[in-house]
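Residues per chain, in single letters:
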Amino acid sequence: MSEGVRLYAGTQHGLFIWRSRGDGWEETAREFSDRMVDVLAGDRRRPERVYAAATFDGLYRSDDAGDRWTLVLPGDVRAVTVDPSDERVVYAGTAPVRLYRSEDAGATWEELPALQALPADVRKRWWTPYPPHTGHVRDIFVHPEDPRVLYLCLEHGGIVRSLDRGGTWEDVSAGIDWVDMHAVACLPGRKSPYFTASAKGFYRSDDPACGWVRAERGMTRNYFNSFLFLPPARPEQVPTMLVCAADDVPGAWRREAKSARAAIFRSDDEAESWYRVGHGLPEIMDAMVWGFTPHPTDPNAVFAGVGAIDRGDPLAPLAPTVPAVCDGPGEVLLTRDRGESWQHLDLTLPADRVLWAAAD
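J.: I'd like a rundown of the environment of Asp337, residues and numbers included.
T.: Along the chain, Asp337 turns up in the loop between β26 (331–335) and β27 (343–344). Its relative accessible area of 29% is what places Asp337 among the partly exposed residues. Among the polar contacts made by the side chain of Asp337, one reaches the main-chain amide nitrogen of Glu340 at a distance of 3.2 Å.

Next up, the structure:
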């Protein structure tokens, strides 16, 4: 690969950073080796600034592409998003469920307390089946066309949204059977439709306040972690969608000592239908594909991170005999053709949890 890319991998055992070098990669740093790194975020307009969260520890920021890191928000930060309309504005969600905003790239923060004013029957769903049984913010979506519009995925807890930049909130989870939510986003360049990935379904909505409907035609899996849009290949087409999926929830993998049976699906019609992609990948993938990050300069390329872990419960004992959660080596995959085929990059890392790629 000849393009300048800096690739960040948050893993079960720290943060790994590489730079592309000709046709290969050079490892440039390892950080937070005694902690799990479950959150990475940045802004394409300022690629040298990156945010990383170490579970139970806090949110760190680097202003020099990962050479040095500064703690900017202590606490158990589980989600971070940079406002796509203003790189100085950053949102951070925590466990338990709370949301913070910085207007100065993380130098100072304010909590958005109106989230706690949601009705008790909404907040009682904010839980997890493992100790300390409190839910957390898993994903934050800021609408690129209107930064007043915020959506949060809560694990567990459903989806809540604000239309006034966090001043007020409403629950918009109607139609979702099991509110263990992982990711939410709107079709790029539009005000709708919205899509969301959950532990027991993939959904679409033209207006989330009016409810969600399943959008799984062609799927052969039922657990969904994250998804991604690629810009249309031609002007008359719609964005390509990729989603990573698995068979059943991570708790079942561990309990039943079975494979995740991970798979990648693609849609070319706004999730009206899906088909499996993955030339170059095994038919049965034991470890989960936990997430995607787009290539910073190639609109047809995507990186994917793989790891045999139970990403839902960071304190879960990982059985070495269970293929889906054995905490073994991780993998990074790359597609150059919108997901149709994948190659394994020659990188050494623990089980991957999250990826971020920036121009170098």
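J.: How would you explain the pairing of strand β16 (residues 181–186) if you had to name every residue and give the values?
T.: Burial runs high along β16: 6 of the 6 residues are buried. Pairing geometry for β16 and strand β17 (residues 194–198), over 5 bridges, is antiparallel. Across the sheet, Ala183 pairs through a bridge with Ala197, a residue of β17.

J.: Give a detailed account of the side chain of Arg161, specifying residues and quantitative values.
T.: Tracing the backbone shows Arg161 in strand β14 (residues 158–162). Assessed through its relative accessible area of 10%, Arg161 is described here as buried. Of the polar contacts made by the side chain of Arg161, one reaches the side chain of Tyr151; its length is 2.9 Å. Only 2.7 Å separates the side chain of Arg161 from the side chain of Glu170, close enough to count as a polar contact.

J.: Provide a residue-level description of the packing of aromatic side chains, including the pertinent values.
T.: The geometry of two aromatic rings is summed up by the distance between their centres and the angle between their planes. This model, assessed by the stated rule, comprises 15 aromatic pairs. Judged by centre distance (6.5 Å) and plane angle (25°), the ring pair of Phe195 and Phe202 falls under stacked. Its relative accessible area of 0% is what places Phe195 among the buried residues. Judged by centre distance (5.4 Å) and plane angle (85°), the rings of Phe202 and Phe227 are edge-to-face. Here Phe227 lies in strand β20 (residues 223–230) and Phe202 lies in strand β18 (residues 201–205), a separation of 25 residues in the sequence.

The rules behind these values
- Residues numbered from 1 in each chain as written.
- Predicted model: local features only at pLDDT ≥ 70, side-chain atom pairs only at ≥ 80, totals over all residues.
- Heavy atoms only, no water.
- Helix = DSSP H or I, 4+ residues; strand = E, 2+ residues; numbered from the N terminus.
- Buried < 20%, exposed > 50% of the residue type's maximum accessible area, 1.4 Å probe, protein only.
- Polar contact = N/O pair within 3.5 Å; in protein donor to acceptor, adjacent residues only side chain to side chain.
- Pairing = 2+ DSSP bridges.
- Phe/Tyr/Trp six-rings, centres within 6.5 Å; stacked < 30°, edge-to-face > 60°.

None of the figures reported here should be taken as evidence of function without further support.
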